[in-house]
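Examining the three-dimensional arrangement
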Amino acid sequence: QDYFTDENRVLKKDPQQDYHLEYAMENSTHTILAFSRELHTCDTNDKTITESTVRVIWAYHHKDMGEAGQNYHGSNRGTKSLRLLNPEKEEVSSASLPYFDLTNKDVPVPDKDTTYWCQMFKIPVQHEKHHVTKIEPLIQKGHENLVHHILLYQCSSNLNDSVLDYGHECYHPNMPDSFLTCETVIFAWAIGGEGFTYPPHVGLSIGTAADPQFVLMEVHYDNPSYTEGLIDNSGLRLIYTPVIRKYDAGVIEAGLWVSLFHNIPPGMPEFVSEGHCTLECLEEALGAERPAGIHVFAVLLHAHLAGRAIRMRHFHNGEEQKLLAYDDEFDFNFQEFQYLKEERTILPGDNLITECHYSTVDRIRMTWGGLSTRNEMCLSYLLYYPRINLTRCASIPDIMEQLQFIGVKEIYRPVRTWPFIIKSPKQYKNLSFMDAMNKFKWSRSEGLSYNELVLKLPVNVRCSKTDNAEWSIQGMTALPPEIERPYKTEPVICSSSSCLRCSLFLTLQFLVHVTASTIGNIGPFV
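Keep in mind that what you see is a predicted model, and the values were worked out from it rather than measured.

1. Some words on the domain arrangement of the protein chain
As far as domains go, the protein chain holds domain 1 (3-82), domain 2 (90-248) and domain 3 (399-456). Measuring from the centre of the C-alpha atoms in domain 1 to the corresponding centre in domain 2 gives 36 Å.

Set out below in structure tokens:
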């Protein structure tokens with residue numbers, strides 16, 4: 001039966017029954033219910049199912065419902081973030097292919113809620129070019145709920161083997177400087193996710209001078225019960241083949257350059273930041289390397305704990321195209337590459353905007369762009385082919401106009417300290433610009449006015465090659481394009497017969513003895 005819940009978390013039977021049982025089966029250990037539902041039911045008690053992250057809540061009782069009514073589920077409950085419409089890639093069998101593992105070695109997990117552990121690895125030396133075709137998680141048995149997500153970054157090739165000696169807590173003041181050279185995400189896995197399979201005509205190249213030599217693996221450990229004495233050896237397996245595919249995969253980091261010039265006032269239920277992969281950068285880089293364009297096949301949208309929604313907007317000759325990727329229900333702890341339903345071609349003269357929505361209602365100080373999870377980011381990582389020499393296509397908003405908003409008139413020049421110091425007016429004299437922004441009395445209306453200003457400011461273009469080389473457009477100032485704000489989503493067509501092929505087919509499998517009547521009449525979720 002189709003139920004919904006109210007603000008008191010009590011389940012009520014929905015007068016519009018939109019969930020349809022396809023089949024049910026049960027044995028001594030399992031109950032399986034398979035059911036379908038239209039993606040858009042136009043029932044106010046149902047959530048529309050889109051390509052965004054969905055939080056699935058589940059609960060059950062081990063006994064069937066009796067005459068007394070519903071049985072309370074107790075501890076038999078949970079939640080899981082999923083991307084229900086992220087299509088699975090059909091996989092060529094990789095059982096016989098060679099592989100190498102990047103795994104932590106006896107990492108002591110602290111008895112605290114959240115730990116980010118970073119370890120540098122060197123890609124095993126290949127004497128000729130190979131293609132990685134799949135990356136999959138290797139989670140230590142029993143640690144399935146401890147290892148929350150894994151990110152793999154490509155690092156500078158100018159490092160040497162001395163960086164391999166030890167791991168360190170990420171985002172820590174004493175973190176090795178070499179870790180700071182690892183900025184481009186080449187793989188992301190989150191709890192509940194599977195491995196990533198490259199399309200059959202594309203592979204991640206290893207074994208040549210232009211390929212990643214060093215990578216950094218970041219593992220997020222989630223230990224809410226503060227369990228002591230945990231030792232972890234989880235990591236990743238990279239499966240590769242000597243049979244070269246047609247194209248090398250590349251990764252472009254697009255969005256807002258991570259810096260203090262990206263900032264969000266406190267107490268804001270919604271604040272929008274935009275990072276620009278500008279027409280000027282794509283014109284120069286694609287014009288020189290690939291005039292016919294590049295083909296994007298997957299995207300990772302990335303923000304931190306204040307992030308609520310992210311969209312990747314695509315413009316061709318000034319005309320907005322369909323969204324390249326989006327997640328209107330962003331979950332920091334569930335990050336994975338989204339396969340595009342259809343590859344998207346990016347041409348010279350196109351421009352891309354990464355649009356991030358944040359909430360800082362629970363914060364009393366400014367939120368700054370930075371590496372820590374309490375700092376923020378607004379980034380998209382584009383997986384594409386064929387690989388070109390463009391690793392970053394991003395922007396930074398002008399800081400002086402941001403400071404003028406709070407009344408700053410003059411800073412000390414030449415700038416010798418960072419963050420730089422304000423000279424006037426008197427109320428900010430000798431304060432860093434960070435302290436001045438925190439001293440300003442932010443209200444919601446001030447925050448909204450500031451947001452409008454920031455979105456219109458000229459931006460500094462970041463247009464980078466591998467190993468920090470730059471395209472000539474780097475450092476230039478550009479005006480953001482005139483675009484429609486807010487983004488208008490496509491209207492939903494509400495008709496039970498309009499989209500027979502859009503039915504979502506789900507299978508729920510419970511590893512205990514549960515009957516269908518229990519699922520339909522579960523107690524309140526608490």
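2. Comments concerning the UniProt feature "domain: DOMON" (unreviewed entry) in the protein chain
Residues annotated by UniProt as "domain: DOMON" (unreviewed entry) correspond here to residues 1-61. Secondary structure over residues 1-61 splits into 0% helix and 43% strand, and the C-alpha atoms at its two ends are 16 Å apart.

3. What to know about the sheet that holds strand 9 (residues 114-122)
What the five strands build is an open sheet, ordered 12-9-16-11-13; its pairing is antiparallel. Edge positions in the sheet fall to strand 12 (168-169) and strand 13 (184-190), since each has one partner strand and no second. Summarising the sheet, strand 11 (residues 147-154) and strand 16 (residues 214-222) pair through seven bridges and their orientation is antiparallel. Bridging from a neighbouring strand, Gln154 pairs with Val215 of strand 16.

4. Focus: the nonpolar core
One finds Met120, Phe196, Phe297, Phe337, Leu390, Ile406 and Phe433 to be the most contacted residues of the largest nonpolar core, which totals 118 residues. With seven residues, the top contributor of residues to this core is strand 23 (residues 294-302). Counting contributing residues, this core receives three or more from each of domain 2 (90-248) and domain 3 (399-456). Apart from the residues lying within four places of it in its own chain, the contact partners of Phe433 are Leu260, Phe261, Trp368, Ile399, Leu403, Trp418, Pro419, Phe420 and Ile422.

5. Some words on the pairing of strand 10 (residues 130-138)
Where strand 10 and strand 15 (residues 202-206) come together, three bridges link them in antiparallel fashion. Looking at strand 15, one finds that His130 is bridged to Ile206. Direction of pairing for strand 10 relative to strand 18 (residues 235-241): antiparallel, over a ladder of seven bridges. Considered in strand 18, the bridge of His131 is made with Thr241. Direction of pairing for strand 10 relative to strand 14 (residues 196-197): antiparallel, over a ladder of two bridges. Across the sheet, the residue bridging to Lys134 is Thr197, located in strand 14.

6. A word on the sheet that holds strand 35 (residues 477-478)
Across a sheet, paired strands are connected by hydrogen bonds in the backbone, their directions being either parallel or antiparallel. Reading across from one edge, 27-23-30-20-31-34-35 is the order of the seven strands in this open sheet, with mixed pairing throughout. Both outer strands of the open sheet, strand 27 (338-346) and strand 35, are each paired with one neighbouring strand and no more. Two strands pair when backbone bridges link them, and strand 34 (residues 459-464) and strand 35 are joined in this way by two bridges, in the antiparallel orientation. Looking at strand 35, one finds that Val459 is bridged to Ala478.

7. As for helix 1 (residues 279-289)
For helix 1, the complete set of buried residues consists of Cys281, Leu282, Ala285 and Leu286. Axial view of helix 1: buried residues confined to an arc of 95 degrees, hence all on one face. For helix 1, the secondary structure elements touched by its buried residues are strand 22 (271-277), strand 23, strand 27, strand 28 (351-358), strand 31 (392-397) and strand 34.

8. Some details on the packing of aromatic side chains
Following the criterion strictly, the structure yields 23 aromatic pairs and no others. Each member of the aromatic cluster is reached from another via a ring pair, and the members are Phe196, Tyr198, Tyr247, Phe297, Phe337, Tyr339 and Tyr385. It is Arg462 that lies over the ring of Trp257; its NZ or CZ is 4.7 Å from the centre. The aromatic ring of Trp471 is capped on one face by Lys465, whose charged end is 4.2 Å from the ring centroid.

9. Section: the confidence of the model for the protein chain
Detailed reading of the predicted coordinates is not advisable wherever pLDDT is low. Looking at the protein chain as a whole, its pLDDT mean stands at 87, while 91% of the residues score no less than 70. Confidence, expressed as mean pLDDT per element, reaches its minimum in the protein chain at helix 5 (residues 516-520) with 41 and its maximum at strand 21 (residues 263-264) with 98. Counting contacts from residues 496-503, a segment whose pLDDT is below 50, to residues more than four positions away or on other chains yields seven contacts. Between residues 506-526, whose pLDDT stays under 50, and residues either more than four places distant or in other chains, the model counts 79 contacts.

10. Some words on the pairing of strand 30 (residues 379-385)
Counting buried residues in strand 30 gives seven out of seven residues, a clear majority hidden from the surface. Relative to strand 30, strand 20 (residues 250-256) is paired through six bridges, and the arrangement is antiparallel. In the strand pairing of strand 30, Glu253 is matched with Tyr381. With seven bridges joining them, strand 23 and strand 30 adopt antiparallel strand pairing. Its bridge partner lying in strand 30, His302 is registered against Leu379.

11. Side note on the side chain of Asp46
Tracing the sequence through the fold places Asp46 in the loop between strand 4 (31-37) and strand 5 (54-59). The buried charged residue Asp46 lacks any salt bridge partner; its closest oppositely charged side chain belongs to Arg37, at an N-O distance of 4.7 Å. A distance of 3.0 Å separates a polar atom in the side chain of Asp46 from a polar atom in the side chain of Thr41. With near-sequence residues (within four places) excluded, Asp46 lies in contact with Asp2, Asp14, Asp18, Tyr19, Arg37 and Thr41.

12. Notes on the pattern of salt bridges
The final tally for this structure, using the stated rule, is 19 salt bridges. The shortest N-O distance in the salt bridge between Arg387 and Asp211 comes to 2.9 Å. One end of the pair, Arg387, is in the loop between strand 30 and strand 31; the other, Asp211, is in the loop between strand 15 and strand 16, with 176 residues separating them in the sequence. Of the residues examined, Arg387 reaches a relative accessible area of 29% and is grouped as partly exposed. With a relative accessible area of 2%, Asp211 lands in the buried category. When salt bridges that share partners are traced, they join Arg311, Arg313, Glu320, Asp328 and Glu355 into one network.

13. With respect to the state of the cysteines
According to the stated counting rule, one finds five disulfides in the structure shown. Disulfide partner of Cys118: Cys170, at an S-S distance of 2.0 Å. Every disulfide takes its handedness from the sign of the S-S torsion; for Cys118 and Cys170 that torsion is 115 degrees, giving right-handed. A residue pair is termed long-range when its members are at least 10 positions apart, and Cys118 in strand 9 and Cys170 in the loop between strand 12 and strand 13 qualify at 52 residues. Comparing Cys118 with Cys170 shows no difference in burial state: the two are buried.

Basis of the calculations
Residues numbered from 1 in each chain as written. Predicted model: local features only at pLDDT ≥ 70, side-chain atom pairs only at ≥ 80, totals over all residues. Heavy atoms only, no water. Domains from an automatic or database assignment. UniProt positions renumbered as here; feature names shortened; annotations may be inferred. Helix = DSSP H or I, 4+ residues; strand = E, 2+ residues; numbered from the N terminus. Pairing = 2+ DSSP bridges. Core = buried A, V, L, I, M, F, W, Y, C linked by side-chain atoms within 4.5 Å. Buried < 20%, exposed > 50% of the residue type's maximum accessible area, 1.4 Å probe, protein only. Contact = heavy atoms within 4.5 Å. Arc of directions from axis to C-beta. Phe/Tyr/Trp six-rings, centres within 6.5 Å; stacked < 30°, edge-to-face > 60°. Lys NZ or Arg CZ within 6 Å of the ring centre and 35° of its normal. pLDDT = per-residue confidence, 0-100. Lys, Arg positive; Asp, Glu negative; His and termini not counted. Salt bridge = Lys/Arg side-chain N within 4 Å of Asp/Glu carboxyl O. Polar contact = N/O pair within 3.5 Å; in protein donor to acceptor, adjacent residues only side chain to side chain. Disulfide = S-S within 2.5 Å.

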